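Here is how the chains run, residue by residue.
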Amino acid sequence: KKAEQGVTNLKNKATKLLGAIGIGFSLVQLNAMAEEFNGINDQIRQATEGLGEQKDIQQQILAAANECKMAYGDMANTASKLMTSDRTLFGSVEEATEFVGLTTKLFKTANKSNQEIAGLQEALNKSFAKGIVDTETINRLYEKAPEAINLIADSLGVAKDELLKMTSDGKISLAQLKNAFMSNADT
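Predicted model only: the values in this text are computed from it and were never measured.

So, the overall build of the protein chain
Across its full length, the protein chain carries 10 helices and 0 strands. The order of helices and strands in the protein chain, counted from the N terminus, is α-α-α-α-α-α-α-α-α-α. Burial statistics for the protein chain: of 187 residues in total, 37% are counted as buried. Across the protein chain, contacts joining residues at least 24 apart in sequence account for 57% of those joining residues at least 6 apart. When the accessible surface of the protein chain is totalled, it reaches about 10900 Å², and 51% of it is carbon and sulfur.

Structural data, given as structure tokens:
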């Protein structure tokens, strides 16, 4: 009874406080949000095991997400996939979040929607997960993100037309793909 009364009092107090500014949350919604963040943080913990204090890592991911106006869950998901797919290229949270932030900013400046950005990030992640820069990823970028293709081609010092051939011949490394974005941060 005391617990039920405590929850009722908390709910009443929250309703009064939130109601004053016109926002209403149910306890179910709050629980769902807490579960979502716990799930995201579990994913981060698995991807960053041994890389530092989890609270600090979560704060780094949150700061990176805020910097590029990306949802915390999306930044955590994309960065975690990069870190688990290739620890030699993305051995730290800073490297992974910087890469995700730079690619996100590039796509946002090209007026891509959040859904398009998620799809493009997934395409990039597939290459890192496969261990090669594949034609599927490059074709997706040609189709949906020519600004990324321009950046990659310029970074490699080749014409855009040559880029697809280089990819199909296996002449583009994952390090070169990563570097194309990382070395052009100012751009």
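Focus: the side chain of Lys 112
Along the chain, Lys 112 turns up in the loop between helix H5 (93-109) and helix H6 (114-130). For Lys 112, the side chain forms a polar contact with the main-chain oxygen of Lys 144, separated by 2.8 Å. If sequence neighbours within four positions are ignored, Lys 112 has contacts with Phe 107, Ile 117, Leu 120, Lys 144, Ala 145 and Glu 147.

Examining the side chain of Thr 137
Considering the arrangement of structural elements, one finds Thr 137 in helix H7 (residues 135-144). We classify Thr 137 as buried; its relative accessible area is 2%. Thr 137 has contacts with Ala 123, Leu 124 and Ser 127, leaving out every residue within four places of it along the chain.

A closer look at the pattern of salt bridges
All chains considered together, the criterion is met by 9 salt bridges. We note a salt bridge from Glu 136 to Lys 130, for which the minimum N-O separation is 3.3 Å. For Glu 136, a relative accessible area of 45% puts it in the partly exposed group. A salt bridge links Lys 144 to Glu 143; the shortest N-O distance between them is 3.8 Å. Taking relative accessible area as the criterion, Lys 144 reaches 36% and is therefore assigned partly exposed. Taking relative accessible area as the criterion, Glu 143 reaches 58% and is therefore assigned exposed. In this structure, a network of salt bridges that share partners links the residues Lys 126, Lys 130, Asp 134 and Glu 136.

Rules and cut-offs
- Residues numbered from 1 in each chain as written.
- Predicted model: local features only at pLDDT ≥ 70, side-chain atom pairs only at ≥ 80, totals over all residues.
- Heavy atoms only, no water.
- Helix = DSSP H or I, 4+ residues; strand = E, 2+ residues; numbered from the N terminus.
- Buried < 20%, exposed > 50% of the residue type's maximum accessible area, 1.4 Å probe, protein only.
- Contact = heavy atoms within 4.5 Å.
- Areas by Shrake-Rupley, 256 points an atom, 1.4 Å probe, with all protein chains shown as cover.
- Polar contact = N/O pair within 3.5 Å; in protein donor to acceptor, adjacent residues only side chain to side chain.
- Salt bridge = Lys/Arg side-chain N within 4 Å of Asp/Glu carboxyl O.

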